[in-house]
Amino acid sequence: MTLPTPPWEDDDPAWPVREEVVAWETPFCETGYDVVERPDGTEGEYYWLASADAAAVIALTEADELVLVEQYRPRYRQRSLGLPGGFVEDGEDPAAAAARELREETGYVAEDLSHLETHTLSPWTRYVRHVFVADGLDRAERDLDDGEFVDVETVPADEAIDRLREREGPANGMTLTALLLAREEGVL
């Protein structure tokens with residue numbers, strides 16, 4: 001499977017990058033800015049946040065229920081409902097990451113994974129999210145990472161988007177985007 005190249009890996013001759021500055025680094029992400037020459041000859045600083053790519057899984061049971069995970073998100077200071085998923089490890093194939101995250105977080109193993117979409121999350125971020133659809137689910141043992149406290153639930157596939165949107169606070173945009181794409185493609 002050939003996945004699309006992230007847009008920040010290609011240069012646009014009309015907007016040349018004159019300098020790339022990493023301002024802050026952690027083990028999980030880095031932030032910085034590019035000094036870019038605009039088409040009128042002026043320069044501007046364009047800030048970004050970069051991290052590892054991520055993979056998410058739309059997993060449907062034989063009963064046509066969507067497997068979701070709920071967990072407390074300290075950055076949001078609230079619980080969040082979303083798709084199983086996580087970071088793609090260095091050198092890991094995104095489909096392998098999706099399969100690994102599905103098993104680790106939910107205890108489900110997919111017989112088959114098909115790529116649905118790869119998308120960026122916002123113009124500020126430099127990472128992509130690969131969305132896969134899992135078929136032929138079997139049960140296995142969960143294997144949560146240290147610090148993960150994840151509850152698993154299933155909801156009827158035709159109610160998943162409403163369920164996500166009716167929760168208190170803003171909907172989980174990464175999951176909402178994936179579910180809307182799945183509905184558009186006839187998966188949901």
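See the structure shown above.
All figures in this text were calculated on a predicted structure; none of them were measured in a lab.

Q: How do you make sense of the nonpolar core when you look at a structure like this?
A: Ranked by size, the top nonpolar core spans 19 residues in total, and within it I58, L66, L68, L83, L116 and L179 carry the most contacts. Listed by contribution, the elements that provide at least two residues to this core are β4 (54-59), β5 (65-73), β10 (128-139), α2 (160-165) and α3 (173-184). With residues near it in sequence (within four places) discarded, I58 still touches L66, L83, L116, V131, F132, V133, A134, A178, L179, A182 and V187. By size, the runner-up hydrophobic cluster in this structure holds 13 residues, among which are A55, F132, A134 and L137.

Q: I keep staring at the pattern of salt bridges and nothing clicks. Help me out?
A: Any two side chains of opposite charge can pair, so long as their charged atoms come close to each other. Scanning the entire structure with this criterion turns up ten salt bridges. Its salt-bridge partner being R126, residue E20 comes within 3.7 Å of it at the nearest N-O pair. Taken together, the residues span a long stretch of sequence, with E20 in strand β1 (residues 17-25) and R126 in strand β9 (residues 125-126) at a distance of 106 residues. With a relative accessible area of 15%, R126 lands in the buried category. E92 serves as the salt-bridge partner of R100, at 2.9 Å between the closest nitrogen and oxygen. Assigned by exposure class, R100 and E92 land together as buried.

Q: Quick question: what am I supposed to make of the pairing of strand β3 (residues 43-51) here?
A: If a strand is regular, its side chains alternate between the two faces of the sheet. Bridging between strand β2 (residues 29-37) and β3 involves nine bridges; their strand directions are antiparallel. Opposite V35, over in β3, you have E45 as the bridge partner. Counted between consecutive antiparallel strands, the loop separating β2 from β3 contains five residues, among which G41 sits at a positive phi close to 95°.

Q: Looking at this structure, I do not really get α3. What am I missing?
A: Given 3.6 residues per turn, any residue in an α-helix points the same way as the ones three and four places further on. Here α3 contains twelve residues, and its C-alpha end-to-end distance of 16 Å stays within 8% of the 16 Å for a straight helix at 1.5 Å per residue. Residues of α3 that are buried include every one of T175, L176, A178, L179 and A182, and no others. Within α3, the buried residues cover an arc of 165° as seen down the axis, which keeps them to one side. Tucked inside the fold, the buried residues of α3 contact β4, β5, β6 (78-82), β8 (108-120), β10 and α2. Where α3 ends, the next residue or the one after it, G186, has phi of about 80°, a positive value.

Q: Would you take a moment to explain the side chain of T118 for this structure?
A: As for its position among the elements, T118 is in strand β8. Its relative accessible area of 10% is what places T118 among the buried residues. Only 2.7 Å separates the side chain of T118 from the side chain of H115, close enough to count as a polar contact. For T118, the side chain forms a polar contact with the side chain of H130, separated by 2.9 Å.

Thresholds, definitions, all that
Residues numbered from 1 in each chain as written. Predicted model: local features only at pLDDT ≥ 70, side-chain atom pairs only at ≥ 80, totals over all residues. Heavy atoms only, no water. Core = buried A, V, L, I, M, F, W, Y, C linked by side-chain atoms within 4.5 Å. Buried < 20%, exposed > 50% of the residue type's maximum accessible area, 1.4 Å probe, protein only. Helix = DSSP H or I, 4+ residues; strand = E, 2+ residues; numbered from the N terminus. Contact = heavy atoms within 4.5 Å. Salt bridge = Lys/Arg side-chain N within 4 Å of Asp/Glu carboxyl O. Pairing = 2+ DSSP bridges. Expected span 1.5 Å × (residues − 1). Arc of directions from axis to C-beta. Polar contact = N/O pair within 3.5 Å; in protein donor to acceptor, adjacent residues only side chain to side chain.

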